[in-house]
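An overview of the molecular structure
In case you want the letters, here they are:
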Amino acid sequence: MPSWETLKAECLACRKCPLCETRHNVVFGDGNPDSGVLFIGEGPGEQEDLQGIPFVGRAGKLLDDMLSIIGLDRTGYYIANIVKCRPPGNRDPLNTEQEACIGYLREQVRLMKPKIIVCLGRIAAMKLIKDNFKITKEHGQWFEKSGIQMTALYHPAALLRDPNKKPETFVDLKSLQAKIKELCG
Ligand code: URA
Ligand code: SF4
């Protein structure tokens, strides 16, 4: 059973899938692993790949702004992705890439013991909540798996493309805020 630092070092050197050929940096995660709250996106974009930090591009900026409204910054949650290296051209990560990489996330979860996992977008929700997850219908709903409360929000990149989805996301964020208060104090 690796420690957090051992796991991170192993991940930063990983060559288990072809995404290692085109990445600039492995994006392991950012924030507070002791917070009890874990956000999961699908995979790094261009800025994330260049900086080695998740959600630092335009979508990340929107996410930071929205979370600040419910009083959250990166001291209050941890954030990572299903795949730790950028899929070229921001395409969806392939199933084979997700399968190669998911072990790192599973170890992160095992070490963090989060009370709450928030999937950002359909790809993460399908991988972590259920494979037939319908983001338009099921965003904001709560699911329990292995004692962890799980939910999904629209991906912030989807909110940039379609700002009409923002009001629903604010309702979901209020529900998240209440759940954090209930479970994490
Ligand atoms: N989109 C994601 O899913 N993850 C990131 O880290 C950045 C953008
Ligand atoms: Fe390894 Fe994951 Fe990067 Fe593939 S995406 S090389 S499995 S860290």
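Predicted model only: the values in this text are computed from it and were never measured.

The next point concerns unusual backbone geometry. Although it is not a glycine, phenylalanine 55 sits at a positive phi angle of roughly 50°. Its location among the elements puts phenylalanine 55 in the loop between α2 (46–51) and α3 (58–69). Overall, phenylalanine 55 belongs to the buried group, its relative accessible area being 6%. Even without a glycine there, the phi angle at serine 146 is positive, about 50°. Judged by its relative accessible area of 75%, serine 146 is exposed.

Taken together, the neighbourhood of ligand 1 is formed by Gly41, Glu42, Gly43, Pro44, Glu48, Pro54, Phe55, Asn81 and His155. Relative to its unbound accessible area of 230 Å², ligand 1 is 92% covered by the protein chains.

Glancing now at the sheet that holds strand β1 (residues 30–31). Here we have six strands laid out as an open sheet, ordered β1-β3-β2-β4-β6-β5, and mixed in their pairing. In this open sheet, the two strands that pair with only one neighbour each are β1 and β5 (143–145). Of the pairings in the sheet, the one linking strand β2 (residues 37–41) to strand β3 (residues 78–81) comprises four bridges and is parallel in character. Note on β3: the bridge partner recorded for leucine 38 is tyrosine 78.

Here is what the cut-offs are and how they apply
- Residues numbered from 1 in each chain as written.
- Chains lettered and ligands numbered in written order.
- Predicted model: local features only at pLDDT ≥ 70, side-chain atom pairs only at ≥ 80, totals over all residues.
- Heavy atoms only, no water.
- Helix = DSSP H or I, 4+ residues; strand = E, 2+ residues; numbered from the N terminus.
- Buried < 20%, exposed > 50% of the residue type's maximum accessible area, 1.4 Å probe, protein only.
- Near = heavy atom within 4 Å.
- Areas by Shrake-Rupley, 256 points an atom, 1.4 Å probe, with all protein chains shown as cover.
- Pairing = 2+ DSSP bridges.

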